[in-house]
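Observations on the model geometry
One-letter residues, chain by chain:
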Amino acid sequence: MEASEEILLNSIASSGVTIPAGVSSVKDLTPATLFSVSSQALHLIGRQNSPFPASLPENSVADRLKLCSELASEFKSLGFIGDISFHKFLYPSEEDLYELIRFLVGRLSDVEARKDAIRDSKRRLKTPKESLADAGLLPRKELSERQSDPLMVTQTPEQSNQEEFNNGVRIPIGGADSSNETSSGEQDVLDLVEGVRKSSLRDNFDHGQQSTSPWVHLNQMNCKTETLQDQKEMLAEKSVSSSVELQELEEKLGLLKAAVEMASDDKHPNDFYVNQLNDQVKAKRGKIVEMETEWIDKRKALEQKKHSLEENLRTTEPEAYVKYKKVEEIELKLESVLAENKRRKDELIVLAAKAEKQPKLQPRRTYIQRVEEITKNSRKQDADIERILKETRELQLESNSVQERLNRTYAVVDETMFREAKKDQVARQAYRILTNIHESFEQIAENLLATDRVRRQVTDYEGKLATMASRSVDIDKLKANLETITRENDLLEKKLSNDSSQNVG
């Protein structure tokens, strides 16, 4: 029971409810802490029109009763099964605390499940292009021949003017024009990586010429080249991100300088700068519209050109056209697979973070053993109940048969004694005694049945008394609250009578 109470508290705490200090299990909750936890949980569920206060008022008992009654009605509207009123919050027992916290945990889990379903539905409604844009992936149509061909691993960056794509950002590897497109910091990093790669390739190549197995060393060189290539991509990513951050900071600095100049300029009013900015915005909007129209025209022209080329390819080389269509399908599948992979990685990161935040519980084997023990005890109790019911039925049948035999015997004796009582005075007295004995035995049987019913009622009342004693209701506190409410009602009646007399006067 203590483990289950701890699990309930951990579950409601993971849902965003702050557990008060000093509360380690459900039985440690007081009326004030129970009210605080319930108020926070209802706020997270979103069923409150006006939020409850963080704690119960200590001065006014009437306010406490009112707030607890409203809280009970909120629980009832959420579907709480059973009787619930203010006394479950002001004077709760351990059983009441367990039921209320378990009900809140169930409703909070339902709310989280609905939120997850809404997020999944929104994610499914996105188009493939939007999913790719959210994932930050772009199709990589050009594959590096240097990585696939082992004979091209000794090619230097000056001989190959290739380019790589990293999340849609163009990063030049080498060439004469790369210095114009990259910053000095990026070029230094790339030159350093290329120098390391060339030196490693040169050493491996020289060693491969002297070795008797050049293909083994060629594979080693390929592995080292791929490792250095990955390191170069990581450094390039860092340099690109740093350059983007630097550009954003420079833009912010320029905006701040312009704002300071505008604020410190006394020659022109603020409306002048506002109008100037509006003119710039209008000009940029017009430029954007022009660029959009130009892009639409170019896209139409390119689509027409693409369509004509496809038609020409289909008429001239149908086999190449079929292969081209297959390549397009493969690219679409690749994009969808990459997007799905990115989405699942993001979900894995989120789930891993949630798993780390979850409290460390006991191993699942422990709960399985407990469930097995409970099931075993339940089966044993079911067998005992069946055995008792069988014995009860047998006793009932035996009792019925004995009673029927007794009734038949009494009927025969009664008839015989009655016949003899008509003839003899002694038989008449014996008949009266027989009748009295029969009535006495009937009364004894009825008394036994009544005693059995009373014993069962006593057992039921004892169980109810034990339940009430476990609730630990403070009678003195109830009396004090009742007296306080009575005094407050008397004061309110006096105040109302005074107000009414003043109005009449």
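Just so we're clear, the structure is a prediction, and the values are computed from it rather than from any experiment.

1. Examining the overall build of the chain
- Scanning the chain for helices and strands turns up 15 helices and two strands.
- Total accessible area on the chain stands at roughly 38200 Å², and carbon and sulfur atoms take up 55% of it.

2. With respect to a nonpolar patch on the surface
- On the surface, Ile433, Ile437, Phe441, Ile444 and Leu448 cluster together into a nonpolar patch covering about 520 Å² of accessible area.
- Examined against the element boundaries, Ile433 turns out to sit in helix H14 (residues 425-470).

3. Things to note about the confidence of the model for the chain
- Looking at the chain, the pLDDT average stands at 76 and 77% of residues meet or exceed 70.
- Of all the helices and strands in the chain, strand E1 (residues 163-166) carries the lowest mean pLDDT, 40, while helix H12 (residues 318-357) carries the highest, 89.
- Segment residues 131-186: pLDDT under 50, and 75 contacts once partners within four positions in sequence are set aside and those in other chains are kept.
- Within the model, pLDDT remains below 50 along residues 204-213, and this stretch shows eight contacts once partners closer than five positions in the same chain are excluded.

4. Topic: the packing of aromatic side chains
- Under the counting rule described, the total for this entry stands at five aromatic pairs.
- Every member of this aromatic cluster is reached through a ring pair, and the members are Phe75, Phe80, Phe89 and Phe103.
- One Lys or Arg, Arg314, reaches over the ring of Tyr321 and ends 5.9 Å from the middle of that ring.

5. Notes on a negative patch on the surface
- There is a patch of like negative charges on the surface, built from Glu245, Glu248, Glu250 and Glu251.
- Along the chain, Glu248 turns up in helix H10 (residues 214-264).
- Accessibility expressed as a relative area gives 43% for Glu248, which makes it partly exposed.

6. Remarks on the nonpolar core
- The biggest cluster of nonpolar side chains holds 37 residues, and the ones touching the most others in it are Phe75, Phe89 and Ile101.
- Elements represented by at least two residues in this core include exactly helix H1 (2-14), helix H2 (31-45), helix H3 (61-77), helix H4 (87-90) and helix H5 (94-124).
- When residues of this core are assigned to their parent elements, the largest contribution, nine residues, is made by H5.
- Leave out the neighbours within four places in its chain, and Ile101 touches Leu8, Val26, Leu29, Leu34 and Val37.

7. A word on the environment of Met262
- Along the chain, Met262 falls in helix H10.
- Sequence spacing of Met262 and Phe272 is 10 residues, and the spatial spacing of their C-alpha atoms is 9.8 Å.
- Once residues within four sequence positions are removed from consideration, Met262 is found in contact with Tyr273 and Leu277.

8. Topic: the packing of helix H11 (residues 270-316) against H12
- In the contact formed by H11 and H12, the axes pass within 5 Å of each other and the chain directions differ by 130°. Here H11 lies oblique to H12, going by the angle between them. Contacts from Lys306, Glu310, Leu313, Arg314, Thr315 and Thr316 in H11 reach Pro318, Ala320, Tyr321, Tyr324, Lys325 and Glu328 in H12.
- Of the residues contributing to the contact of H11 with H12, the split by class is five nonpolar, two polar and five charged.

9. Notes on the packing of H3 against helix H15 (residues 475-504)
- Packing of H3 against H15 leaves a shortest axis separation of 9 Å and a crossing angle of 105°. As far as their axial angle goes, H15 and H3 are roughly perpendicular. Of H15, the residues touching H3 (which contributes Val61, Ala62 and Leu65) are Asn481, Thr484, Ile485 and Glu488.

10. Some details on the pattern of salt bridges
- Tallying each qualifying case throughout the model produces 12 salt bridges.
- The closest approach of N and O atoms between Asp384 and Arg387, which form a salt bridge, is 3.9 Å. Here Arg387 and Asp384 lie together in helix H13 (residues 364-421), a separation of three residues that amounts to about one turn.
- A single salt-bridge network, built from bridges that share partners, covers Glu340, Arg343, Arg344 and Glu347.

Parameters at a glance
- Residues numbered from 1 in each chain as written.
- Predicted model: local features only at pLDDT ≥ 70, side-chain atom pairs only at ≥ 80, totals over all residues.
- Heavy atoms only, no water.
- Helix = DSSP H or I, 4+ residues; strand = E, 2+ residues; numbered from the N terminus.
- Areas by Shrake-Rupley, 256 points an atom, 1.4 Å probe, with all protein chains shown as cover.
- Patch = residues over 30% accessible without salt bridge, like charges linked within 9 Å, V, L, I, M, F, W, Y side chains within 5 Å.
- Salt bridge = Lys/Arg side-chain N within 4 Å of Asp/Glu carboxyl O.
- pLDDT = per-residue confidence, 0-100.
- Contact = heavy atoms within 4.5 Å.
- Phe/Tyr/Trp six-rings, centres within 6.5 Å; stacked < 30°, edge-to-face > 60°.
- Lys NZ or Arg CZ within 6 Å of the ring centre and 35° of its normal.
- Lys, Arg positive; Asp, Glu negative; His and termini not counted.
- Charge placed at Lys NZ, Arg CZ, Asp CG, Glu CD.
- Buried < 20%, exposed > 50% of the residue type's maximum accessible area, 1.4 Å probe, protein only.
- Core = buried A, V, L, I, M, F, W, Y, C linked by side-chain atoms within 4.5 Å.
- Axes fitted to C-alpha atoms, helices over the stretch in contact; angles between N-to-C directions.
- Parallel < 35°, antiparallel > 145°, perpendicular 65-115°, else oblique.
- Nonpolar A, V, L, I, M, F, W, Y, C, P; charged D, E, K, R; others polar.

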